[in-house]
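Each chain is listed here by its residues.
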Amino acid sequence: MFETVLAGVWFPSARPGRLATRPARVIADKGYSSKSIRAHLRRRGIRATIPERRDQRANRARRGRAGGRPPAFDPVIYKRRNVVERCFNRLKQFRAIATRYDKTALSYQAMIDLATLTLWL
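Here's a quick rundown of the structure.

What counts and how
- Residues numbered from 1 in each chain as written.
- Predicted model: local features only at pLDDT ≥ 70, side-chain atom pairs only at ≥ 80, totals over all residues.
- Heavy atoms only, no water.
- Helix = DSSP H or I, 4+ residues; strand = E, 2+ residues; numbered from the N terminus.
- Rg over C-alpha atoms; globule rule 2.2 N^0.38 Å.
- Buried < 20%, exposed > 50% of the residue type's maximum accessible area, 1.4 Å probe, protein only.
- Contact = heavy atoms within 4.5 Å.
- Areas by Shrake-Rupley, 256 points an atom, 1.4 Å probe, with all protein chains shown as cover.
- Lys, Arg positive; Asp, Glu negative; His and termini not counted.
- Charge placed at Lys NZ, Arg CZ, Asp CG, Glu CD.
- Arc of directions from axis to C-beta.
- Salt bridge = Lys/Arg side-chain N within 4 Å of Asp/Glu carboxyl O.

When helices and strands are counted, the protein shows 7 helices and 2 strands. Beginning at the N terminus, the succession of helices and strands in the protein can be written as α-β-α-β-α-α-α-α-α. Relative to its length of 121 residues, the protein is extended, with a C-alpha radius of gyration of 18 Å against a globular reference of 14 Å. Burial statistics for the protein: of 121 residues in total, 21% are counted as buried. Expressed as a percentage of contacts within the protein between residues at least 6 apart in sequence, the contacts between residues at least 24 apart total 32%. Element-wise, carbon and sulfur atoms account for 57% of the exposed surface of the protein, whose accessible area totals about 9,700 Å². In the protein, 28 side chains carry a positive charge and 8 a negative one; their mean positions are 6 Å apart.

And the structure:
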């Protein structure tokens, strides 16, 4: 599902014209530290700031030199993920978003839009 979600991301770019679809960096938690996700980001030229899971570190260490080097990780950049997590927690204060009572994706998206507008104002 990671590739599907990333394909649906659109944001304004620095240059005029169409919206950008390729972010400069992805900051994610340990749940997204798989080989396939890292390979997908590498193919698209997107830098990843994803901490490595403990079992992945242990497997790489167990393999010795054949395990390769650890992926790059910047803890200072990773701290920015905190802002997104706090936003999700504030959105979950709205009962309709936290419980997902809406039957269609369109009405759920509308509720998220209303909640973000309420928080923004």
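Within the element layout of this structure, T21 appears in the loop between α1 (2-7) and β1 (25-27). Exposure remark for T21: the relative accessible area of 30% places this residue in the partly exposed category. For T21 and G8, which are 13 residues apart along the polypeptide, the C-alpha to C-alpha distance reads 7.9 Å. Beyond its immediate chain neighbours, meaning those up to four positions away, T21 contacts L6, V9, W10, F11 and R44.

Before going further, it helps to examine helix α2 (residues 35-44). Among all positions in α2, only I37, R38, H40 and L41 are buried. In a view along the axis of α2, the buried residues occupy a sector of 160°, so they form one face of it. For α2, the exposed residues set more than 90 degrees away from the buried face come down to K35, R42 and R43. Those residues of α2 hidden inside the fold are in contact with α1, β1 and β2 (47-49). One or two steps after α2, the chain reaches G45, where phi turns positive at roughly 75°.

Under the criterion given, the structure shown has 4 salt bridges. A salt bridge links E52 to R60, with the nearest nitrogen and oxygen atoms 2.5 Å apart. As far as burial versus exposure is concerned, E52 and R60 are alike and both buried. Between R53 and D55 there is a salt bridge; the shortest N-O distance is 3.3 Å. On the basis of relative accessible area, R53 is assigned to the partly exposed category, the value being 29%. The class for D55 is partly exposed, based on a relative accessible area of 39%.

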